[in-house]
Amino acid sequence: MNLLKLTLITLLLCAFGYFLIAITPQSQPLIEHNNGSTVRKKTPHIEDDIRTTINQNQPPVVNQISSLDQVKASIQAQPYIPPITKSKNTRSYSGELDDHQAYKQFHAHQERELKMAFISASKQKIVRLEMLIARGIREGLSQEKIEFAKEKVSGLKAMNEQLENELNPPH
């Protein structure tokens, strides 16, 4: 049963990652065909323009940026990718190996901490996903993708509720 729960949690997290990738715009470098050859152009970056201006010792040119330009700039921003490192709080069982009851308690405590961590993280992710869904609706994302995202949010909510019920059974 625990394996099934972990599999479901893993699938939900994978679907969440797929959803984030699907709604995050990817800036592709421009390709230009020139006499049968392919030439890649560098995607323009604001930082490069700023460095060029600073290097020329000229004051930066201030343009009025419309709210549409600000939205486009925020869409083109690179997504945050967290560093992949080994977990810092990996604890192993340090009791007597013959004490089956103590090991069961240790395992139950680990499982409870995992569930609590999932509940905490999922609440934050649900809020973030709902904000992204609202943004997708405003920006005209297809109805199919929005429904897919809403299904994932409802799945996270259901798993969250199930884990809370397991941790705090009704009396």
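S.K.: In this structure, what is going on with the overall build of the protein? I would like to understand it.
M.R.: Per the secondary structure count, the protein includes 5 helices and 2 strands. Looking at the protein as a whole, 16% of its 171 residues are labelled buried.

S.K.: Would you explain the nonpolar core in this entry?
M.R.: Buried together is how nonpolar side chains tend to be arranged in soluble globular proteins. In terms of nonpolar packing, the biggest core is built from 18 residues, with Phe19, Phe118, Leu129, Ile133 and Met159 touching the most fellow members. For this core, the element with the highest residue contribution is helix H5 (residues 143–167), accounting for 7 residues. Ile133 has contacts with Phe19, Ile146, Ala149, Lys150 and Val153, leaving out every residue within four places of it along the chain.

S.K.: I would appreciate a short explanation of the pattern of salt bridges in the present structure.
M.R.: Oppositely charged side chains may form a pair once their charged atoms are brought near each other. Using the criterion set out here, one finds 6 salt bridges in the structure. Where Lys115 meets Glu166, a salt bridge forms, and the shortest distance between an N and an O atom there is 2.7 Å. Linking Lys115 in helix H4 (residues 100–138) with Glu166 in helix H5, this pair joins segments that are 51 residues apart in sequence. A relative accessible area of 28% means that Glu166 is categorised as partly exposed.

S.K.: Explain a nonpolar patch on the surface to me, please; I cannot follow it from the model alone.
M.R.: Among the surface-exposed residues, Met1, Leu4, Leu8 and Leu11 lie close enough to one another that they form a single nonpolar patch of about 450 Å² accessible area. On the secondary structure map, Leu4 appears in helix H1 (residues 2–23). Relative accessible area serves as the criterion here: at 48%, Leu4 is assigned to the partly exposed category.

S.K.: Is there a simple way to explain the packing of aromatic side chains in this structure?
M.R.: Between two aromatic rings, the relevant description is the distance of the centres plus the angle of the planes. With the rule as written, the count across this model stands at 1 aromatic pair. Note on Tyr103 and Phe106: the rings are 6.2 Å apart at their centroids and 40 degrees apart in plane angle, and the pair reads as tilted. Here Phe106 and Tyr103 lie together in helix H4, a separation of 3 residues that amounts to about one turn. For Tyr103, a relative accessible area of 40% puts it in the partly exposed group.

S.K.: Help me understand H4, please; the structure alone is not making it clear to me.
M.R.: Helical periodicity: at 3.6 residues per turn, an α-helix aligns residues three or four positions apart in one direction. Between the first and last C-alpha of H4 there are 56 Å, a value that for 39 residues agrees with the 57 Å anticipated at 1.5 Å per step. If you check which residues of H4 are buried, you get Phe106, Lys115, Phe118, Ile119, Ser122, Ile126, Leu129, Leu132, Ile133 and Gly136. Where H4 is buried, its residues contact H1 and H5. The positive-phi residue at the C-terminal boundary of H4 is Gly140, with phi of around 80 degrees.

S.K.: Would you mind going over the packing of H1 against H5 with me for this structure?
M.R.: At a minimum axis distance of 10 Å, the contact between H1 and H5 shows a crossing angle of 150 degrees. Taken together, the axes of H1 and H5 are roughly antiparallel relative to one another. The way H1 lies across H5 gives a crossing that is left-handed. Counted together, Lys5, Leu8, Ile9, Leu12, Ala15, Tyr18, Phe19 and Ala22 of H1 and Lys145, Phe148, Ala149, Lys152, Gly155, Met159, Gln162 and Glu166 of H5 form the full contact between these two elements. Counted by class, the contact of H1 with H5 contains 10 nonpolar, 2 polar and 4 charged residues.

S.K.: Whenever I open this one, the packing of H4 against H5 confuses me. Can you help?
M.R.: Between two packed helices, both the angle of their axes relative to each other and the distance between the axes serve to describe the pair. Two numbers describe how H4 lies on H5: the axes approach to 9 Å, and their chain directions differ by 155 degrees. Considering the angle they form, H4 stands roughly antiparallel to H5. The two elements H4 and H5 cross, and the hand of that crossing is left-handed. Tallied by class, the residues present in the contact of H4 with H5 amount to 14 nonpolar, 3 polar and 8 charged.

Cut-offs used in this document
- Residues numbered from 1 in each chain as written.
- Predicted model: local features only at pLDDT ≥ 70, side-chain atom pairs only at ≥ 80, totals over all residues.
- Heavy atoms only, no water.
- Helix = DSSP H or I, 4+ residues; strand = E, 2+ residues; numbered from the N terminus.
- Buried < 20%, exposed > 50% of the residue type's maximum accessible area, 1.4 Å probe, protein only.
- Core = buried A, V, L, I, M, F, W, Y, C linked by side-chain atoms within 4.5 Å.
- Contact = heavy atoms within 4.5 Å.
- Salt bridge = Lys/Arg side-chain N within 4 Å of Asp/Glu carboxyl O.
- Patch = residues over 30% accessible without salt bridge, like charges linked within 9 Å, V, L, I, M, F, W, Y side chains within 5 Å.
- Areas by Shrake-Rupley, 256 points an atom, 1.4 Å probe, with all protein chains shown as cover.
- Phe/Tyr/Trp six-rings, centres within 6.5 Å; stacked < 30°, edge-to-face > 60°.
- Expected span 1.5 Å × (residues − 1).
- Axes fitted to C-alpha atoms, helices over the stretch in contact; angles between N-to-C directions.
- Parallel < 35°, antiparallel > 145°, perpendicular 65-115°, else oblique.
- Left-handed = near helix turned anticlockwise from the far one by under 90°.
- Nonpolar A, V, L, I, M, F, W, Y, C, P; charged D, E, K, R; others polar.

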